[in-house]
Amino acid sequence: MPQPIWVIAIVSGLIILLLLFGIPLKLLRFIGQGVVKLVIGALFLFVLNTIGNGVGLHVPINLITASVAGFLGIPGVFALTVIQLWII
């Protein structure tokens, strides 16, 4: 795990770079939408794990599975469930 001081330093450095050079608004919007989709995917997986706990279904929540669930939506969650049940 990174130390909190490093995280604060990196975020501060990115803010300073943003203020000095400016990043196009489209890039920030694109990154923001990606982060929102990752969070939504993680929430989908959390709900799936909560509901699936009764039947022994557990899909791990990590960057890859949250990305699949977030960018593909409900079909992505369904695909991860099928992979977990029948392939793994």
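Definitions and limits used
Residues numbered from 1 in each chain as written. Predicted model: local features only at pLDDT ≥ 70, side-chain atom pairs only at ≥ 80, totals over all residues. Heavy atoms only, no water. Helix = DSSP H or I, 4+ residues; strand = E, 2+ residues; numbered from the N terminus. Expected span 1.5 Å × (residues − 1). Buried < 20%, exposed > 50% of the residue type's maximum accessible area, 1.4 Å probe, protein only. Arc of directions from axis to C-beta. UniProt positions renumbered as here; feature names shortened; annotations may be inferred. Contact = heavy atoms within 4.5 Å. Axes fitted to C-alpha atoms, helices over the stretch in contact; angles between N-to-C directions. Parallel < 35°, antiparallel > 145°, perpendicular 65-115°, else oblique. Nonpolar A, V, L, I, M, F, W, Y, C, P; charged D, E, K, R; others polar.

**Side note on helix H4 (residues 74–87)**
Step number 1: With 14 residues, H4 extends 19 Å from end C-alpha to end C-alpha; this agrees with the ideal 20 Å at 1.5 Å per step.
Step number 2: Listed as buried for H4 are Gly76, Val77, Leu80 and Thr81. The buried residues of H4 all sit within an arc of 140° when viewed along its axis, so they share a single face. Turned more than 90 degrees away from the buried face of H4 sit Ile74, Pro75, Phe78, Leu85, Trp86 and Ile87, all of them exposed.

**A look at the UniProt feature "transmembrane region" (unreviewed entry) in the chain**
Step number 1: The sites that UniProt annotates as "transmembrane region" (unreviewed entry) are residues 6–23, 35–57 and 63–87.
Step number 2: Secondary structure content for residues 63–87 is 96% helix and 0% strand, and the end C-alpha separation is 20 Å.

**Observations regarding the side chain of Thr81**
Step number 1: For Thr81, the location among the structural elements is in helix H4.
Step number 2: Setting aside anything within four residues of it in sequence, one finds Thr81 in contact with Leu48 and Leu57.

**Concerning the packing of helix H3 (residues 63–72) against H4**
Step number 1: It is at 5 Å that the axes of H3 and H4 come closest, and there the two elements cross at 140°. When the interaxial angle is binned, H3 and H4 end up oblique. Of the residues in H4, those in contact with Thr65, Val68, Ala69 and Leu72 of H3 are Ile74, Pro75, Gly76, Val77 and Leu80.
Step number 2: Here the contact of H3 with H4 is built from residues that sort into seven nonpolar, two polar and no charged.

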